[in-house]
Amino acid sequence: MGEMEQWQQLIMQCEAEIGKGIIGQKDIIRQTLLAMLSGGNVLLEGMPGLGKTRLVSTIGQVFRLSFKRIQFTPDLMPSDVTGTNIIVKDNQGSGFQFERGPIFANLVLADEINRATPKTQSALLEAMQEHTVTVGNESYGLEEPFFVLATQNPIEQEGTYPLPEAQLDRFMFKIKVNFPSREELYGIVNLTEGIGGETIPVAIQPILDGAGLLKVRSFVSQIPIADAVMNYILNIVMMTHDKSAHYQEIGRFIKEGASPRAAQAIVRAARAKAFVEGRYNVSFEDVNYVTFPVLRHRILLSFDAVSEGVTEEQVIAEILKSIEK
Amino acid sequence: MNPSFMVDFIKKYRRKMNFALFIEWCVITVAIGAGAALAAELTALIIPFYYVNSIAVLCLLLGLVSGVVLTIRKRYSMGKAALAIDEFGFSERIITAYENRDKEGGIYEFQREDALRMLCQNKDTVRFRFKISYYRLSLCSVLLIATIVVALIPSKAKTEASVRHQLQMSAQEKMDEIEEVIEALDEIDVDELDEQQATQIEGMKDSLMMSLEEMEGIQSGEDLADANAMENALEQARERLDYKYDEIAEQLSDISAEMAENMDVATTQEIQNALDKMGYQDVAGDPNSQNGQNVSDNQVSQNISGNQISQNVVGNPNSQNGQGISGNQVSQGVSGNQAGQTGEGNMTGQDGQDGQGNMTGQSGQNGQGNQNGQNGGEGNNGRGTGTADFERDYVSIPGELGQDESLHGQSTQNSDSEYYRDQNGLAWEGEHVDYNSVIMEYSNQAMESLEQGRYPSGMEDIIKEYFGSMN
């Protein structure tokens, strides 16, 4: 069996292992995994109690990655995220020592990111973009792989600071976490509460480490993509900006189209999907699958769309239907 | 696994795709061509158009050619064919492998191997489905059948078109003939001729040019309402042309005779060429031969005057002779030697009878009676009475009455009768009388004279037949 196939098998095992700790949410697990394999960050949007924190902690266990959780509140300071210099006294006197913040981990869960002030948000987002933290005149690199999973509550808008579009663009995926089905809910309750009030323990086995994850990323980045598929991706992104009469029905629902990062994100994520499915090439189905989480937060709907109740998913579906392969 | 297997597989599939594309485009373009052809055929049912069938066939052929051209332009590439194969569940393995078939490297080889393996396992599931729009095919078939049916439907307009076309062809033939004659006349070396002869040659060419223009007008069909009008116009133009040919031949014969006397063989030959083009044989240099033998078109028109050997090659010695008609028995009989003017006329009492022919005012009335009439020695080509002393007119009313008391007709106040070429053909000073009224009058007078026994016995049938043929 080839080396790539071995890594593919490991990734499949990782996905299955994560699924042990999370009941249902197969899509969420798959998409989160794809983002990790692509080197991107994820914004999870869902109601509290849907297992977002458990998801990230389970991922951390499977990949043997360090995991930190940051609960964003309105009074959270940037230094609470990045770390700060503190005065330390020792035998030689006192001096400043940089105390690393919770961001110095492989996996960071930024819970309710929209509750923190823009200043604190920017501290996190800078780290996401640069993979470095700057405190004073010193820059500290973040350990690879570095992965941020941010969450936000879709209904609580009072006292929140919604992320601006420019900042949203830094998240590769925006994943909507839906309420589980009845069966899934039963499984969740059974898992946590158990029969007779006893929690059924779930042993999560570590399968891959950070180096292995980086190795997989390198394989993913090599997967070839045909010209026809590449053109398909480009057409998708271009159509979000097309206001011509030919695509009038789509154009009137989009106020602002996606940035070039969207095309890059689709390519990387589609490669990751092909890899996970054991293929060595990107297909149209891969592109269609990853387009939703990539574009969801990158297109700005117009007033017509809002007034008519048109959602981002509907617009994206229409775009995919309109483009010829 | 051999990567060429994949390329060959894609090629075969591409051929099938392009063939289907060819059929699809041809159905569309041939349907369009058939629609245009049907429109043309329907139009031809009402508006005369001779070449409509050719146009219809051309439309269909253009449709077919357009289908071929469009197929070539829009033919599928190998990449498209590979993508089409991928639709059978290969998830773009084939197109990716095809595009990277020449690239080396681990991942490319893995991908090629993966694609080839899948293709080998599932190649039987890859079947090209020939899809054709039955609606388009039906439409194309209906239009083709309708075009054929309409093409076969007869109509007045089609008949008219056919007749017009034939007339146009006839006019074109005459035009070609006239052009040849003019060309032959151009070849005559006028330097060898005297001034009068050169002027005559120029006059001949001018006259023929007018006929040519007339034929062109007929051929183009301008100002001619229908085929009947065209036919009548053509007929009249032919009559005028034949008369001119006679005139020209006579004049050329005279010139040729003079040239022969002057031993100018070259010019004589050139004149002979011109006569040949008109269908005349000039034997002016031979006194023992037939003068003015018009052998063009209708051998009936051989009216040999100036020669005591009369030949009526038609085999009817009692008719035709004297009519001097080339191609048209009706017209020239008026001006030519009438029945009995030829050698037969000599035998059957030419005396005085020439007056019939000469009733139309032909000079040469001296051909009657005591005149030999024939000895004009001028090679009367079916007309004329053999005298060189008078000008001959097509139809003219003489200023003076003839000597023969049986000459009837109207006189004018004019003392001279001369003709000149104006416009096309002939016009003359004096009173113009419509031909149809003149001929009716003459015909009636001839019949009255017959009843009164004014003509020699044996001539009655000839005279009756002669005037009867003009009605």
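Residues numbered from 1 in each chain as written. Chains lettered and ligands numbered in written order. Predicted model: local features only at pLDDT ≥ 70, side-chain atom pairs only at ≥ 80, totals over all residues. Heavy atoms only, no water.

Tallying secondary structure elements over chain B gives 15 helices and four strands in all. Expressed as a percentage of the 471 residues in chain B, the buried residues total 48%. Excluding contacts between residues fewer than 6 apart, the proportion of contacts in chain B whose partners are at least 24 apart in sequence is 65%. (Helix = DSSP H or I, 4+ residues; strand = E, 2+ residues; numbered from the N terminus. Buried < 20%, exposed > 50% of the residue type's maximum accessible area, 1.4 Å probe, protein only. Contact = heavy atoms within 4.5 Å.)

Another aspect to go through is the confidence of the model for chain B. Reading predicted coordinates in detail is not appropriate for stretches of low pLDDT. All names here are of chain B. Overall, the predicted model of chain B reaches an average pLDDT of 74, with 67% of residues at or above 70. Note on residues 415-429: pLDDT is under 50 here. Beyond four places in sequence and across chains, it has 39 contacts. The ipTM, which scores confidence in the relative placement of chains, is 0.86 for this predicted complex, and the corresponding pTM is 0.66. (pLDDT = per-residue confidence, 0-100.)

Quick look at the interface of chain A and chain B now. The parts lose accessible area when they come together, and the size of an interface is often stated as this lost area. Listed per partner, the contact involves 14 residues of chain A and 13 residues of chain B. For the chain A and chain B pair, buried surface summed over both sides reaches about 1200 Å², with 67% attributable to carbon and sulfur atoms. Its largest share of buried area at the contact with chain B, chain A owes to Pro224, Tyr280 and Asn281 of chain A, together 37% of the area lost on that side. Applying the counting criterion to the chain A and chain B interface returns zero salt bridges. Here chain A and chain B share five residue pairs in polar contact (both at pLDDT 80 or more) between them. Among the elements that line the side of chain A that touches chain B, the one with the most residues is helix α9 (residues 227-239) of chain A, at three residues. Class assignment for the residues of the side of chain A that touches chain B results in nine nonpolar, three polar and two charged. (Buried area = accessible area lost by both parts, 1.4 Å probe. Salt bridge = Lys/Arg side-chain N within 4 Å of Asp/Glu carboxyl O. Polar contact = N/O pair within 3.5 Å; in protein donor to acceptor, adjacent residues only side chain to side chain. Nonpolar A, V, L, I, M, F, W, Y, C, P; charged D, E, K, R; others polar.)

Moving on: the packing of aromatic side chains. In this structure the tally under the stated criterion is ten aromatic pairs over all chains. Taken together, a centroid distance of 4.0 Å and an interplanar angle of 5 degrees make the contact between Phe98 of chain A and Tyr140 of chain A stacked. Taken together, the residues span a long stretch of sequence, with Phe98 of chain A in strand β4 (residues 93-100) and Tyr140 of chain A in strand β7 (residues 138-141) at a distance of 42 residues. Accessibility expressed as a relative area gives 13% for Phe98 of chain A, which makes it buried. The class of Tyr140 of chain A is buried, set by a relative accessible area of 17%. Their ring planes at 85 degrees and their centres at 5.1 Å tell us that Tyr50 of chain B and Tyr51 of chain B sit as a pair that is edge-to-face. Of the residues examined, Tyr51 of chain B reaches a relative accessible area of 42% and is grouped as partly exposed. (Phe/Tyr/Trp six-rings, centres within 6.5 Å; stacked < 30°, edge-to-face > 60°.)

All names here are of chain A. Sheet analysis places strand β3 (residues 83-90) next to β4, joined by eight bridges and oriented antiparallel. Its bridge partner lying in β4, Asp90 is registered against Gly93. Where β3 hands over to β4, the hairpin turn is made up of two residues, counted between the paired strands. (Pairing = 2+ DSSP bridges.)

Residues and elements named next belong to chain A. If you trace the five strands from one edge of the open sheet to the other, you get β2-β5-β8-β1-β9, paired in parallel fashion. Sheet topology places β2 (67-71) and β9 (173-177) at the edges, where each strand pairs with a single neighbour. Shown here is a sheet whose adjacent strand axes are inclined to one another by a mean of 20 degrees, direction ignored. Here five bridges tie β2 to strand β5 (residues 107-111), and the two strands are oriented parallel to one another. By the bridge assignment for β5, Lys68 is matched with Val108. The strands touched by helix α3 (residues 52-62) within the sheet are β1 (42-46), β2, β5, β8 (147-152) and β9, with β5 carrying the most contacts at an inclination of about 175 degrees. (Axes fitted to C-alpha atoms, helices over the stretch in contact; angles between N-to-C directions.)

The next subject is the environment of Ser54 of chain B. As for its position among the elements, Ser54 of chain B is in helix α2 (residues 52-73). Here the alpha-carbon distance between Ser54 of chain B and Ala37 of chain B, two residues 17 residues apart in the chain, equals 9.5 Å.

All names here are of chain A. One can find His297 in the loop between α12 (284-295) and β11 (300-301). Overall, the relative accessible area of 6% leaves His297 in the buried class. Side-chain polar atoms of His297 contact the backbone oxygen of Leu168, separated by 3.5 Å. If we ignore the near neighbours within four places in the chain, the residues touching His297 are Leu168, Phe171, Met172, Phe173 and Lys174.

Before going further, it helps to spend a moment on the pairing of β9 of chain A. Residue and element names in this part refer to chain A. Where burial is concerned, most of β9 is hidden: four out of the five residues are buried. Relative to β9, β1 runs parallel, the two being bridged by five bridges. In the strand pairing of β9, Leu44 is matched with Ile175.

The next point concerns the pattern of salt bridges. When the charged atoms of two side chains lie near each other, side chains of opposite charge can form a pair. Taken as a whole and judged by the stated rule, the model has 26 salt bridges over all chains. For Lys174 of chain B, the salt bridge identified is with Glu177 of chain B, shortest N-O distance 3.5 Å. Here Lys174 of chain B pairs with Glu177 of chain B, and both are found in helix α7 (residues 156-187), just three residues apart, close to one helical turn. The partner of Glu235 of chain B in a salt bridge is Arg238 of chain B, with the nearest N and O atoms 3.7 Å apart. Here Glu235 of chain B and its partner Arg238 of chain B are both found in helix α9 (residues 227-261), three residues apart, which amounts to about one turn of the helix. Judged by relative accessible area, Glu235 of chain B falls into the partly exposed class, the value being 31%. A single salt-bridge network, built from bridges that share partners, covers Glu15, Arg30, Lys273, Glu277, Arg279 and Asp286 of chain A.

Here we come to a negative patch on the surface. Residue and element names in this part refer to chain B. Residues Glu173, Asp176, Glu179, Glu180, Glu183, Glu187, Glu213 and Glu216 make up a contiguous surface patch of negative charge. Looking at the negative patch, the elements that each hand over two or more residues are α7 and α8 (195-220). The greatest single-element share of the negative patch, amounting to six residues, is contributed by α7. Judged by relative accessible area, which is 37%, Glu179 ranks as partly exposed. (Patch = residues over 30% accessible without salt bridge, like charges linked within 9 Å, V, L, I, M, F, W, Y side chains within 5 Å. Areas by Shrake-Rupley, 256 points an atom, 1.4 Å probe, with all protein chains shown as cover. Lys, Arg positive; Asp, Glu negative; His and termini not counted. Charge placed at Lys NZ, Arg CZ, Asp CG, Glu CD.)

Turning to the nonpolar core, a few remarks are in order. Side chains that are nonpolar tend, in soluble globular proteins, to be buried together. If you look at the biggest cluster of nonpolar residues, it comprises 100 residues, and the most contacted ones within it are Phe63 and Phe173 of chain A. Those residues within four positions of Phe173 of chain A in sequence are excluded, and the remaining contacts are Gln31, Leu34, Ala35, Asn41, Val42, Leu43, Ala269, Val290, Pro293, Val294 and His297 of chain A. (Core = buried A, V, L, I, M, F, W, Y, C linked by side-chain atoms within 4.5 Å.)

So, about a positive patch on the surface. Residues and elements named next belong to chain B. Taken together, the side chains of Lys11, Lys12, Arg15, Lys16 and Arg127 present a region of like positive charge at the surface. Residue position: Arg127 is located in the loop between α5 (106-122) and α6 (134-152). With relative accessibility at 58%, the residue Arg127 sits in the exposed group.

On to the state of the cysteines, then. All names here are of chain B. Using the criterion set out here, one finds zero disulfides over all chains in the structure. Cys26 forms no disulfide, and the closest cysteine sulfur to it belongs to Cys140, at a distance of 9.2 Å. Overall, Cys26 belongs to the buried group, its relative accessible area being 9%. (Disulfide = S-S within 2.5 Å.)

What follows covers a nonpolar patch on the surface. All names here are of chain B. Residues Phe49, Tyr50, Tyr51, Ile55, Leu58, Leu62 and Met169 make up a contiguous nonpolar surface patch of about 640 Å² in total accessible area. Top contributing element to the nonpolar patch by residue count: α2, with three residues. In this structure, Tyr51 sits in the loop between α1 (3-46) and α2.

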